[in-house]
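These are the residues of each chain, in order.
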Amino acid sequence: MRNETNINELEAQRQREIMKRLKVRLTQKSRELGRPLTYCSICFGCQMNAKDSEKLEGILETIGYVKTDSEDADFIIMNTCTVRENANLRVYGRLGQLKKYKKKNPDMLIALCGCMMQESLVVEKIKQSYRHVDIIFGTHNVFKLAELIENKLNTKGMVIDIWEGTSEIVEDLPSDRKYDFKCGVNIMFGCNNFCSYCIVPYVRGRERSRKPEDIIKEIEALVKDGVAEVMLLGQNVNSYGKNLEHPITFSQLLERIEQIEGLKRIRFMTSHPKDLSDELIAVMAKSKKICKHLHLPMQSGSTKVLSDMNRRYTKEDYLALVDKIKTVIPDISLTTDIIVGFPTETEEDFKDTLDVVRKVRFDSAFNSKRTGTPAADMEFQATEEEIKDRFDCLLKEVQEIAKETCGRDQGKIMEVLVEGLDEQDENLLTGRLSNNLLVHFPGDPSLIGTFQNVKLTEAKGFYYIGTLI
């Protein structure tokens, strides 16, 4: 383990040296053009992807690129997703649009990375049909972006660097945060669960936990730089620490993070129901900083379908876990993921899902479909029309329940972290409660990034209208 640590430190140092070389080279290019070199970052998918994009943007800015929202930029980095429905089609469509920009600016570089690039068929399609792409890499070697750019500048061909897996976790490289006051922090990478509908273990690899001291060091630095809220990220945070030389539980990590002075809020996702421990529930209940929100993916309410999904818990297990959580933390907000129309799902199975939704009363639920997995080859038990009807039925049920559960705090004064201007009305600010619900209220933009007490005057289903106190 010590030798592996040394290797990772040496790799980080090597990448920083490449960045220095590249900055000299790109600065000269900028002088020749008489303008700054620009980059546009496009990110699809989950919060893990969003965190990776922050790292990619940090590297690009370190070597001399300036960020722009225009796709008519000198460098395009597209961080792809293969989990979300239609994500592949959106990427291909975007690549088609970029071709015209590249014709106008032949020096433009286009890089693709992320989960979609871990699929060999996708890479072959890009090699054949989208030859204007310059750099392709996957999920395991984000830290190598500067090196890949340097390689591209030294060659005429497409640079492809896809790793099937890795044990490397390269620390202390640049990152460009989206917010000054909150930040995602990776605590682990990969997944060992192999749910039959999910491609994540194939594109993100097996579980690798970061050392707790590295996580603590990163959060302490973030807090010193003004961050008040962190989101701990992992495909299944409950599995954190099992593969470390000195094993530590996720609950123990949370207790250590709780001690960081100046940190006000701790969030995390995602928790797999099969191994959410009593210890974690107890730590959440007594914590002054862990938010009163838990995302607990159910996926289905049918024990038979859960078995087909390889989820390793039953309907009864899930309901018992929820009951335990609500007993110990009565004010918890629960959200979930549900797959409607899983290949083996019958009408009776769907009724079991509705039954769980009615008993648990989630604050919100998200639906997803997955391809490229073992489940993709299963024969469907329902027609497309039946699946659509089930989806509509579930959506209506979730929305009606959410209107009631999310409105339980109407009239109360609660603390919100002010996150920005309301996207629909710039006269309003948007803040987030500990339970993850949004509140829109009149206020000055100078309050963004601060904690404020707000009276929740009107519940609007999935959000509140409020008044500053």
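Reading guide: rules and limits
- Residues numbered from 1 in each chain as written.
- Predicted model: local features only at pLDDT ≥ 70, side-chain atom pairs only at ≥ 80, totals over all residues.
- Heavy atoms only, no water.
- Axes fitted to C-alpha atoms, helices over the stretch in contact; angles between N-to-C directions.
- Helix = DSSP H or I, 4+ residues; strand = E, 2+ residues; numbered from the N terminus.
- Parallel < 35°, antiparallel > 145°, perpendicular 65-115°, else oblique.
- Left-handed = near helix turned anticlockwise from the far one by under 90°.
- Contact = heavy atoms within 4.5 Å.
- Nonpolar A, V, L, I, M, F, W, Y, C, P; charged D, E, K, R; others polar.
- Buried < 20%, exposed > 50% of the residue type's maximum accessible area, 1.4 Å probe, protein only.
- Salt bridge = Lys/Arg side-chain N within 4 Å of Asp/Glu carboxyl O.
- Core = buried A, V, L, I, M, F, W, Y, C linked by side-chain atoms within 4.5 Å.

*Asks:* So what exactly am I meant to see when it comes to the packing of helix H8 (residues 250-258) against helix H9 (residues 278-286) here?
*Replies:* The interhelical angle for the contact between H8 and H9, taken along N-to-C directions, is 20°, at an axis separation of 9 Å. Considered as vectors, H8 and H9 are oriented roughly parallel to each other. Both H8 and H9 take part in a crossing whose hand is left-handed. For the pair formed by H8 and H9, the contact residues are Phe250, Ser251, Gln252, Leu254 and Glu255 on the first element and Glu279, Leu280, Val283 and Lys286 on the second. For the contact of H8 with H9, the residue count by class is four nonpolar, two polar and three charged.

*Asks:* Whenever I open this one, the environment of phenylalanine 44 confuses me. Can you help?
*Replies:* With respect to the element layout, phenylalanine 44 can be found in the loop between strand E1 (38-43) and helix H2 (47-62). Residue classification places phenylalanine 44 among the buried positions, given a relative accessible area of 4%. Between the alpha carbons of phenylalanine 44 and threonine 82 there is a distance of 9.0 Å; along the sequence they are 38 residues apart. Ignoring sequence-local partners within four residues, the contact set of phenylalanine 44 consists of Asn49, Met78, Asn79, Thr80, Cys81, Arg90, Val91 and Arg94.

*Asks:* I tried to follow the pattern of salt bridges on my own but got confused; where do I start?
*Replies:* A complete count under the given rule lists 39 salt bridges for this structure. For the salt bridge of lysine 51 with glutamate 54, the shortest nitrogen-to-oxygen distance reads 3.6 Å. In this pair, lysine 51 and glutamate 54 both sit in helix H2, three residues apart, roughly one turn of the helix. Each of the two residues, lysine 51 as well as glutamate 54, counts as buried. A salt bridge links lysine 102 to aspartate 134; its shortest N-O distance comes to 2.4 Å. Here lysine 102, found in helix H3 (residues 87-104), pairs with aspartate 134, found in the loop between helix H4 (120-129) and strand E5 (135-137); they are 32 residues apart in sequence, far enough to count as distant. Assessed through its relative accessible area of 7%, aspartate 134 is described here as buried.

*Asks:* I'm lost on the nonpolar core in this one. Help?
*Replies:* Soluble, globular proteins show a tendency: their nonpolar side chains are buried together. Judged by nonpolar contacts, the single largest core of 64 residues is most densely connected at Ile219, Leu232, Phe250 and Ile257. With near-sequence residues (within four places) excluded, isoleucine 257 lies in contact with Ile215, Ile216, Ile219, Leu232, Leu263 and Ile266. The next biggest cluster of nonpolar side chains, apart from the first, holds 29 residues, and it includes Ala12, Leu26, Phe137 and Leu173.

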